[in-house]
Amino acid sequence: MMTGSTLRRLCAALLAFGALGMVNGAPAQDKGALDPKPLPPLANPSSPATPARELFGRAQEAAPLHPNPIGFYSRGCLAGGEPLPINGPHWQVMRLSRNRNWGHPNLIAFLKHFSSKAARESGWPGLLVGDLSQPRGGPMLSGHASHQIGLDADIWLAPMPNRELTREEREELMSTDVVRDDGLDVRPEVWSEGHIAVIRAAAMEPAVQRIFVNAAIKRALCRSAQGESWMHKVRPMWGHNYHFHIRLHCPNGSNCRDQDPTPAGDGCDASLAWWFRREILHPNKSGKSWPPMTMTGLPAACREVLRAK
């Protein structure tokens, strides 16, 4: 049986590896703000002890530099980011108050293409898009350990309505929890062929490095798509019961470090069963927290990204 200390070490490793999508108790399902207040100025922003999230969380525009994802998905920043328009033919951006609809141009182009493909193959009107990255990437004040280099995107597990959402709806509407309360499987009354089609459409894109879903979703996919070539990209991860997480490969010639290749096989073997062990489904809360990352923990080029005007 896995001990508490072993589980904590595993969580720490996954956090460093950029797999965990939610930290600091702020899930992507949290409501936004209709009238967001600007953050107060930092007393000593140049201090080596200042958390990097406080610096990047205050950047409102992209760094006017050549597009470049710098570092790793959970330890880096973004130069030359672009915003995903909040409305498109087959997408709408949610939680506008967060200002996290920024990404590398490759991600923005991918989402425009993928949203049309997903709508066509699923029969949904389109996609509801959650967090991408901040204007200059980097660590966030809440919500994610990854999403730092503009190559990650959260897609809600709910179809876009066939109308334009209001600002209030974008801040307060909740996605669909497709996982049963016990965490062992999906909820049959909400899980649909449309969900399968959207995830399949993403996984079959060559630009996609991997996709994170709740283990219960992976179990459901194994029942319908076991043995299909795209399934190796779909990896189980804690949370991800309201959205799935798309991660793109690093662009050629960039200052980005790709994640290790996904393991061979469709992932419908004993490795999936591990996620349903009691101590994995319901880990003991140790109360331990990790100190916030400072600029010394990021690539040196991220300082230039913050300074660029």
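Data block above holds the structure.
The sections below set out a description of the structure shown in this document. (Residues numbered from 1 in each chain as written. Predicted model: local features only at pLDDT ≥ 70, side-chain atom pairs only at ≥ 80, totals over all residues. Heavy atoms only, no water.)

Observations regarding the overall build of the protein
Where we set the bar: Secondary structure elements follow DSSP: runs of H or I of four or more residues count as helices, runs of E of two or more count as strands, with numbering from the N terminus. Radius of gyration: over C-alpha atoms. The globule rule applied is 2.2 Å multiplied by the number of residues raised to the 0.38 power. Residue burial is assigned from relative accessible area. The probe radius is 1.4 Å, only protein chains are included, and a residue is buried under 20% of its type maximum, exposed over 50%, and partly exposed in between. In this description, contact between two residues means that some pair of their heavy atoms is separated by no more than 4.5 Å. Only the protein chains shown count as cover for residues, and all accessible areas are computed by the Shrake-Rupley method using a 1.4 Å probe.
Across its full length, the protein carries 9 helices and 11 strands. The globule rule puts the C-alpha radius of gyration for 309 residues at 19 Å, and the 19 Å found for the protein is close to it. Dimensions of the protein, computed from the C-alpha atoms along their principal axes, are close to 55 × 50 × 40 Å. Expressed as a percentage of its 309 residues, the buried residues of the protein come to 53%. Considering only intrachain contacts with a sequence separation of at least 6, the fraction spanning at least 24 residues in the protein is 78%. When the accessible surface of the protein is summed, it comes to about 13900 Å², and 55% of that surface belongs to carbon and sulfur atoms.

A few points about unusual backbone geometry
Despite not being glycine, N99 shows a phi value in the positive range, around 55 degrees. Within the element layout of this structure, N99 appears in the loop between β5 (91–93) and β6 (102–103). Positive phi outside glycine occurs at H240, with the angle close to 55 degrees. In this fold, H240 is placed in the loop between β10 (234–236) and β11 (243–248). Taking the relative accessible area as the measure of exposure, H240 reaches 5% and is therefore buried.

What to know about empty space enclosed by the protein
Rule in force here: Think of a 1 Å grid over the protein atoms and nothing else: a 1.4 Å probe that fits but is trapped marks a cavity, an open set flanked by protein within 12 Å on at least five of seven lines marks a pocket, and residues with an atom within 4 Å of a point count as lining. Grid points are joined across faces, edges and corners, and a volume is the space filled by probe spheres set on the points. Gly falls in the polar group here, along with every residue not listed as nonpolar (Ala, Val, Leu, Ile, Met, Phe, Trp, Tyr, Cys, Pro) or charged (Asp, Glu, Lys, Arg).
This model, assessed by the stated rule, comprises 2 cavities of 30 Å³ or more. In this structure, the largest cavity spans a volume of roughly 40 Å³. Lining the largest cavity are V93, M94, R95, L96, N99, R100, N101, G130, D131 and L132. Of the residues belonging to the lining of the largest cavity, the class tally is 4 nonpolar, 3 polar and 3 charged.

Some details on the state of the cysteines
Our working definition: For this text, the term disulfide refers to a pair of cysteine sulfurs within 2.5 Å.
Here the structure, examined in full by the defined rule, presents 3 disulfides. Bridging C77 to C302, the disulfide has an S-S length of 2.1 Å. Disulfide C77-C302: torsion about the S-S bond near -100 degrees, hence left-handed. Here C77, found in strand β2 (residues 75–79), pairs with C302, found in helix α9 (residues 301–307); they are 225 residues apart in sequence, far enough to count as distant. Two residues, C250 and C256, share a disulfide whose sulfurs are 1.8 Å apart. Handedness of the C250-C256 disulfide follows from its S-S torsion of about -50 degrees: it is left-handed. Of the two residues examined, C250 and C256, each falls in the buried class. Sequence-ordered numbering of the bonded cysteines in the protein gives a pairing of 1-6, 2-5, 3-4.

Describing the packing of aromatic side chains
A ring pair, where both rings are aromatic, is described by two values, the distance of the centres and the angle of the planes. Formally: Working definition: a ring pair exists when centres of Phe, Tyr or Trp rings (six-membered ring for Trp) sit within 6.5 Å. Plane angles under 30 degrees give stacked, over 60 give edge-to-face, the rest tilted.
Tallying each qualifying case throughout the model produces 5 aromatic pairs. Geometrically, the ring pair formed by W238 and W274 is edge-to-face, given 6.5 Å between the ring centres and 65 degrees between the ring planes. In this pair, W238 sits in the loop between β10 and β11 while W274 sits in the loop between α7 (270–273) and α8 (278–281), placing the two residues 36 residues apart along the sequence. Looking at W238, the relative accessible area reads 22%, which means it is partly exposed. Site record: aromatic cluster; members linked through ring pairs are W238, W274 and W275.

What to know about the side chain of R100
So the rule is basically this: Here a polar contact is taken to be a pair of N or O atoms separated by no more than 3.5 Å, where protein atoms must pair a possible hydrogen donor with a possible acceptor and residues adjacent in sequence count only if both atoms sit in side chains.
Looking at the element boundaries, R100 is found in the loop between β5 and β6. With relative accessibility at 8%, the residue R100 sits in the buried group. In this structure the side chain of R100 is engaged in a polar contact, spanning 3.2 Å, whose partner is the side chain of D131. With near-sequence residues (within four places) excluded, R100 lies in contact with D131, L132, S133, Q134, M140, L141, S142, G143 and H144.

Functional significance is not addressed by these values, which are geometric in nature.
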